[in-house]
Amino acid sequence: MSSDRLSGMSQAQRDRLAFVELRLRFMGEIRRQDLVARFDIQAAAATRDIAQYKELAPGNMEYDTKGKVYVRAAWFRPLFDFPVERVFTWLSQGYGDAEPARFRGVIATEGTSLPGRVDLELLSTLTRAIHRGAAVKISYRALSSGLTTREIVPFALADSGLRWHLRAFDRRSGEFRDFVLGRFDDASILPGEVADHETAAQDIQWNRITELELVPHPANVQHPDTIEAEYGMEGGVLKVRTRAAMAGYLLRRWNVDCTDDHSLKGGEHHLWLRNRQALYGVTNLVLAPGYDAASKEW
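Residues numbered from 1 in each chain as written. Predicted model: local features only at pLDDT ≥ 70, side-chain atom pairs only at ≥ 80, totals over all residues. Heavy atoms only, no water.

Break down unusual backbone geometry for me, with residues and values.
The backbone phi angle of Asn255 is positive, close to 50 degrees, even though this residue is not glycine. Mapping Asn255 onto the fold places it in the loop between helix H9 (244-253) and strand S11 (256-257). (Helix = DSSP H or I, 4+ residues; strand = E, 2+ residues; numbered from the N terminus.)

This is how it looks when you write it as structure tokens:
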């Protein structure tokens, strides 16, 4: 019945209702002002949208009189079927936050990504914990230890270019770490306060910004101007600012030769890191091409 009513609505109406659900499902709350700000509508219209969503899915939200906000109910059941990629786009880039489009693009588009196992309900637990600043009890499959149960304090999602990670403080190791989203088996938000040393402000690798200077590979590229044009280099160099915690992922994704003497061979290495000293103190350099050759100096 709800799907029939949705199909009879205008695209604009469905977009607003889908936004209500996204906020509820992944942020755990929705305010009238959220709709006003996102769609540039009047407060009265936002009130009608929330009432309409509640009518379509009466068990999905409750009103918190103390906080004056609608919150996700324990018996939440989604109305909209969002692809995982669309949810990540909304979470990370702040656009595309509407009902999934029903029409194909005007040109053919293909990708090369491998399928990944990410459960959206589990993801919603993690994103709500980030939003609240709460700790989470998880069941997680690690390569080194297999399936374990631990407590983490998540604060950000991180896209390596190949897969999504969760950046969090791991109470088991006492360190800030990256957790692959596809390796989570279960997650539940924990009550209680989070200690200061567990917060994002204390994650040195996350807060440190390093500038990488990438240039055409001196040995592997015959026509460096081709690479300069491809990457929009200025003066023959591309300067990229990134978090230290993300540097290894970036260098690996773009096959950047990080050796001191640009000694990596192969057509995949179009770029060379000119200022290797910028990586001093970066902890995930095991991912960087050429790390083994230079590890003694790092």
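Residues and numbers for the side chain of Arg16, please.
With respect to the secondary-structure elements, Arg16 resides in helix H2 (residues 11-27). For Arg16, a relative accessible area of 17% puts it in the buried group. Engagement of the side chain of Arg16 in a polar contact is seen with the side chain of Asp49, the distance being 2.6 Å. (Buried < 20%, exposed > 50% of the residue type's maximum accessible area, 1.4 Å probe, protein only. Polar contact = N/O pair within 3.5 Å; in protein donor to acceptor, adjacent residues only side chain to side chain.)

I'd like to hear about helix H5 (residues 84-93), residue by residue, with values.
Along H5, the residues classified as buried are Val87, Phe88 and Trp90. The buried residues of H5 occupy an angular sector of 160 degrees when projected down its axis, which confines them to one face. Contacts made by the buried residues of H5 are with H2, helix H6 (120-132), strand S5 (146-159) and strand S6 (164-170). (Arc of directions from axis to C-beta. Contact = heavy atoms within 4.5 Å.)

Pulling in residues and values, what's your account of the pattern of salt bridges?
Evaluated as defined, the whole model comprises 17 salt bridges. Notably, a salt bridge pairs Arg167 with Asp203, separated by 2.8 Å at the nearest N-O pair. Of this pair, Arg167 sits in strand S6 while Asp203 sits in the loop between strand S8 (184-189) and helix H7 (204-207), and the two are 36 residues apart along the sequence. Its relative accessible area of 2% is what places Asp203 among the buried residues. Where Arg177 meets Asp170, a salt bridge forms, and the shortest distance between an N and an O atom there is 4.0 Å. On the accessibility criterion, Arg177 (33% relative accessible area) is partly exposed. Owing to a relative accessible area of 0%, Asp170 belongs among the buried residues under this scheme. Overlapping salt bridges bring together Arg150, Asp170, Glu175 and Arg177 as one network. (Salt bridge = Lys/Arg side-chain N within 4 Å of Asp/Glu carboxyl O.)

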